[in-house]
Amino acid sequence: MYTLNTPIHISLWNRDFWLLSLANFLLSFSIFLTFPSLPLWMEDTGKYAMWEIGTVMLSFAPALFLLGGFCSYLVQQYRRNHVCQLLILLMAASHGALYLFHNQLIFPLIILSRVMLGAFYGLAEMILMSTLIIDTCASFRRTEANHCSAWFSRFGLALGPLCGLLLYRYYDMSWVYISSALCGVLAVVLIIFVRFPFRAPEEIVRRYSTDRFLLLRSWPLFVNLLMMAVVIGLLLPLHHTPFFYLLMAAGFVVAIAAQRFVFREADLRSEAITSFLLILAALLIELFGKKTPLQPLFVGLAVGILGARFLLFFIKLSKHCERGTSCSTFVLSWESGITLGIGGAYLLFGLHSLPILLTSLLLAVLSLLLYMLFTHRWFIVHKNR
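Bear in mind that the values here come from a model prediction, so they are computed numbers and not experimental data. (Residues numbered from 1 in each chain as written. Predicted model: local features only at pLDDT ≥ 70, side-chain atom pairs only at ≥ 80, totals over all residues. Heavy atoms only, no water.)

**Description of empty space enclosed by the protein**
Argument step 1. Applying the stated rule across the entire model yields two cavities of 30 Å³ or more.
Argument step 2. Of the volumes computed, that of the largest cavity is approximately 120 Å³.
Argument step 3. Ser28, Phe32, Glu125, Met129, Ala150, Ser153, Arg154, Leu157, Phe330, Val331, Trp334 and Glu335 together form the lining of the largest cavity.
Argument step 4. A breakdown of the residues in the lining of the largest cavity according to their chemical character gives seven nonpolar, two polar and three charged.
Argument step 5. Size it by volume and the second largest cavity reaches roughly 90 Å³.
Argument step 6. Only α2 (34–45), α8 (142–170) and α14 (323–347) provide two or more residues apiece to the lining of the second largest cavity.
Argument step 7. By residue number, the principal contributor to the lining of the second largest cavity is α2, which donates three residues.
Argument step 8. Partitioning the lining of the second largest cavity into residue classes produces eleven nonpolar, one polar and no charged. (1 Å grid on protein atoms, 1.4 Å probe; cavity = no way out; pocket = protein on both sides within 12 Å on 5 of 7 lines; lining within 4 Å. Points joined across faces, edges and corners; volume = space filled by probe spheres on them. Nonpolar A, V, L, I, M, F, W, Y, C, P; charged D, E, K, R; others polar. Helix = DSSP H or I, 4+ residues; strand = E, 2+ residues; numbered from the N terminus.)

Following this line, the structure appears as structure tokens:
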């Protein structure tokens with residue numbers, strides 16, 4: 001059967017690839033440390049309404065797109081690794097400022113800090129995923145490199161909230177900010193130890209373009225993935241327990257094994273459809289049954305399989321020299337969808353579980369139908385690899 005699977009070779013895992021992948025994990029980890037703990041802190045202070053908490057979390061999503069149009073210009077005009085390092089240091093400085101002033105912060109300043117973090121993180125992740133990682137790999141290993149390195153940032157989605165909740169519960173919010181800043185600094189140190197080949201800039205470099213930013217013709221994949229990411233984002237605020245995220249990380253491990261052994265020769269649609277059904281099962285367990293360890297396992301398994309499969313869809317859709325743009329588009333769809341879901345759970349639903357779960361079920365069903373009736377066939381017609 002035609003599966004579009006990506007084989008994994010040991011030769012990919014050299015020193016530079018390890019360093020960049022770990023930097024990718026630390027970058028994601030530093031951001032997701034604050035995702036469950038920040039709204040909890042805002043609730044516990046008693047100073048903020050639910051709509052304010054939701055607005056703070058939601059503001060991160062559009063900020064991811066703010067600097068993306070300058071990505072191509074910056075990496076061609078300046079040393080791309082230096083640009084990425086500067087952006088991560090700016091993130092660390094933002095977390096440091098939050099540590100110093102978080103007890104005196106007013107609502108507009110929290111919004112501003114989230115917008116700055118979103119803008120810096122979005123561009124840093126684009127450069128790291130779409131440029132730095134593939135620059136250290138042979139051309140015939142780049143799809144494999146994108147596939148494997150994305151797993152590191154995926155684990156940040158589970159382990160970041162896990163550690164953030166533990167730090168907040170057993171210490172205080174200041175430790176969350178300190179840890180986020182230190183993770184950023186460590187990511188910069190890892191990137192410093194990697195040697196990058198010189199790349200001559202193109203003759204004509206536009207200051208603002210969609211190159212390395214958005215693959216506009218991939219909109220069906222973008223919308224379909226965004227809808228499912230919103231579902232995941234809506235579900236996460238209902239679970240502020242470290243155990244949930246620990247089991248979610250375990251689900252990621254199961255997803256890696258499933259891709260290797262269960263879906264290796266399966267039909268191309270099987271991974272995406274299985275992911276949709278697992279999410280639906282997790283939502284139904286939450287809605288009608290008692291909470292069990294199966295629910296976070298299902299969520300982790302679904303997120304792992306769906307994220308890995310859609311990343312390959314974006315890459316296979318790209319033409320020559322569009323790989324970086326396709327990876328950035330995937331990152332923006334995934335990260336913004338999760339953030340929109342988290343913010344929406346507070347802003348639109350006041351963290352009431354029933355309307356959140358019903359909305360999530362509706363979105364998950366619509367996303368499954370969209371994939372089965374349109375997106376998959378559209379991808380088969382338009383793929384280039």
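Let's pick the thread back up.
**Concerning the packing of aromatic side chains**
Argument step 1. Summed over the entire model, instances satisfying the criterion amount to 23 aromatic pairs.
Argument step 2. Between the aromatic rings of phenylalanine 25 and phenylalanine 29, the centroid separation amounts to 5.4 Å while the plane-to-plane angle is 35°, which identifies the pairing as tilted. Here phenylalanine 25 and its partner phenylalanine 29 are both found in helix α1 (residues 15–32), four residues apart, which amounts to about one turn of the helix.
Argument step 3. The class for phenylalanine 29 is buried, based on a relative accessible area of 11%. (Phe/Tyr/Trp six-rings, centres within 6.5 Å; stacked < 30°, edge-to-face > 60°. Buried < 20%, exposed > 50% of the residue type's maximum accessible area, 1.4 Å probe, protein only.)

**Describing the packing of helix α12 (residues 270–288) against helix α15 (residues 353–382)**
Argument step 1. Contact geometry for α12 and α15: axes closest at 10 Å, N-to-C directions at 165°. Looking at the two axes, α12 sits roughly antiparallel to α15. The chirality of how α12 crosses α15 is left-handed. Two secondary-structure elements touch here, α12 through Ala272, Ile273, Phe276, Leu277, Ile279, Leu280, Leu283, Leu284, Glu286 and Leu287 and α15 through Leu354, Leu357, Leu358, Ser360, Leu361, Ala364, Val365, Ser367, Leu368, Tyr371 and Met372.
Argument step 2. A per-class count over the contact of α12 with α15 returns 18 nonpolar, two polar and one charged. (Axes fitted to C-alpha atoms, helices over the stretch in contact; angles between N-to-C directions. Parallel < 35°, antiparallel > 145°, perpendicular 65-115°, else oblique. Left-handed = near helix turned anticlockwise from the far one by under 90°. Contact = heavy atoms within 4.5 Å.)

**Describing the environment of isoleucine 232**
Argument step 1. As for its placement among the helices and strands, isoleucine 232 is situated in helix α10 (residues 219–235).
Argument step 2. As for isoleucine 232 and tryptophan 13, which are separated by 219 residues in sequence, their C-alpha atoms are 30 Å apart.
Argument step 3. Leave out the neighbours within four places in its chain, and isoleucine 232 touches Ile279, Val299 and Val303.

**Description of the pattern of salt bridges**
Argument step 1. Applying the stated rule across the entire model yields six salt bridges.
Argument step 2. Of the charged contacts in the structure, one is a salt bridge between aspartate 135 and arginine 80, with a shortest N-O distance of 3.0 Å. Taken together, the residues aspartate 135 in helix α7 (residues 107–135) and arginine 80 in helix α6 (residues 80–101) connect sequence positions 55 residues apart.
Argument step 3. Among the residues examined, aspartate 135 registers a relative accessible area of 9% and is labelled buried.
Argument step 4. In this structure arginine 80 comes out as buried when scored by relative accessible area, which is 10%.
Argument step 5. Two residues, arginine 269 and aspartate 267, come together in a salt bridge whose shortest N-O distance is 3.2 Å. (Salt bridge = Lys/Arg side-chain N within 4 Å of Asp/Glu carboxyl O.)

**Notes on unusual backbone geometry**
Argument step 1. Residues other than glycine seldom take positive phi values, yet arginine 212 does so here, at roughly 60°.
Argument step 2. In the Ramachandran plot, leucine 351 falls in the positive-phi region, its phi being about 65° despite a non-glycine side chain.
Argument step 3. As for its placement among the helices and strands, leucine 351 is situated in the loop between α14 and α15.
Argument step 4. The exposure class assigned to leucine 351 is partly exposed, which follows from its relative accessible area of 22%.

Purely geometric numbers; function is a separate question.
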